[in-house]
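Architecture and fold: a report
Below, each chain spelled out in residue letters.
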Amino acid sequence: MRRITAGDVSPVIGVCWLETGNCTGLWYNCDAEGQPVTPNKRYFDYHPVYSAMRRVLVDGQVMVENIPFWIKTMRPDSGPFAGKLCKIISPGPAEGFRPYPAFLSPSGDVLERIYIGAYQGTGEANNTVGSRPGKVPLASLDFPSMQTRCTNRNTGGVEGFRMWDFYQYSALCLLFLIEHCTTESQGVMGRGYVDATAATYTDDAKNCEWRGYVGLYGNLWQMCDGIRIATNGQIEMFRNDGSRQWVNTGKTAPAYNGTGPQYAITTFAGKVAGVDFDEVFVPETQGGYTAGTFPDNFYGRNGSAGNVLYVGGTWSYASGAGLFCWYLCNPASS
């Protein structure tokens, strides 16, 4: 890439997608106008959104607190990033920005904060899911049973617990990508627990840690609500207004090739049916490892029963596991 001169850095920061392929693509930080900037690590440690990520106890569970951010997507008309997709966040409202969907209530209000489990889900009393160290995560449950275990915690005045959804997962993916400008999560967080023959404790993640989270990939597949594949192969998602209403995007998900994992090259773009694909990462095309922009395994839709999303990979996925590892092969009943 030719030498460029970076401008001043403000709390408004983003990432520009410059190239696809070559295993991880090419990404570079940008400012509110889609022009290049070069913040250092210390910048993110003091950034309002990143520095607010902290572990807290909620109903006795170890959670990571996240404050809202606002997003703008654009393709600059001029400069070294002209025509390239930029995903930009602001720690507060600003012209041209909208609240990121993960932080919207069902009524459309901006939540002051959200909490996401610091650990993979563990089995707790009263048929609930927890987030605690020193335990082996839950396994061998179907999707509806896991959803029920998550909502079972909402008793005795406790409310708001549920399976994490696609927008919450995507918020972490976006924040990670803006901070590190790479889709190679194993190179940043550590390889993870991906070279074993069985699941392990939630806090035994082989250095797979980032801003309070442990085990965002590896160990066990993690179910993710808010996105699914209809029986006709088309992608259905929650609307991006916080309502949690399902809409059919009319976009057909890439198909599993029946032999092994592929790697996502490009993602869907643009606005359709209450969804803005530029705000998230939904694979549109796939190919071999060197052709991929995301270096983690991608398993597309499979069969005709409709599929749900699992992310991260398992204890045996080696280099194929990671923050952007997707599995769309199973129906909710699996």
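Structural data are supplied above this passage.
These remarks concern the structure in this document.

How each quantity is defined
Residues numbered from 1 in each chain as written. Predicted model: local features only at pLDDT ≥ 70, side-chain atom pairs only at ≥ 80, totals over all residues. Heavy atoms only, no water. Helix = DSSP H or I, 4+ residues; strand = E, 2+ residues; numbered from the N terminus. Contact = heavy atoms within 4.5 Å. Areas by Shrake-Rupley, 256 points an atom, 1.4 Å probe, with all protein chains shown as cover. Lys, Arg positive; Asp, Glu negative; His and termini not counted. Charge placed at Lys NZ, Arg CZ, Asp CG, Glu CD. Pairing = 2+ DSSP bridges. Axes fitted to C-alpha atoms, helices over the stretch in contact; angles between N-to-C directions.

1. Thoughts on the overall build of the protein chain
For the protein chain, the helix and strand inventory stands at five helices and 22 strands. In terms of overall dimensions, the protein chain has a C-alpha envelope of 55 × 45 × 40 Å along the principal axes. When contacts within the protein chain are restricted to residue pairs at least 6 apart in sequence, long-range pairs at least 24 apart make up 66% of them. Accessible surface computed for the protein chain: about 13,800 Å², of which carbon and sulfur atoms make up 47%. Placing the 26 positive and 29 negative side-chain charges of the protein chain at their respective mean positions leaves the two points 2 Å apart.

2. So, unusual backbone geometry
The backbone of cysteine 23 shows a phi angle near 80°, a positive value even though the residue is not glycine. Looking at the secondary structure, you find cysteine 23 in the loop between strand 1 (13-19) and strand 2 (26-30). Of note, the phi angle at cysteine 181 is positive, near 50°, even though the residue is not glycine. Relative to the helices and strands, cysteine 181 is located in the loop between helix 4 (166-180) and helix 5 (185-189).

3. Re the sheet that holds strand 5 (residues 70-74)
Pairing within the open sheet is antiparallel, and its five strands lie in the order 2-1-6-5-7. The open sheet has two free edges, formed respectively by strand 2 and strand 7 (98-99), since each of these has just one partner strand. With five bridges connecting them, strand 5 and strand 6 (residues 85-90) associate as antiparallel partners. Paired with isoleucine 71 across the two strands is isoleucine 89, which belongs to strand 6. Helix-sheet contacts for helix 4 involve strand 1, strand 2, strand 5 and strand 6, and the interaxial angle to strand 6 is about 100°.

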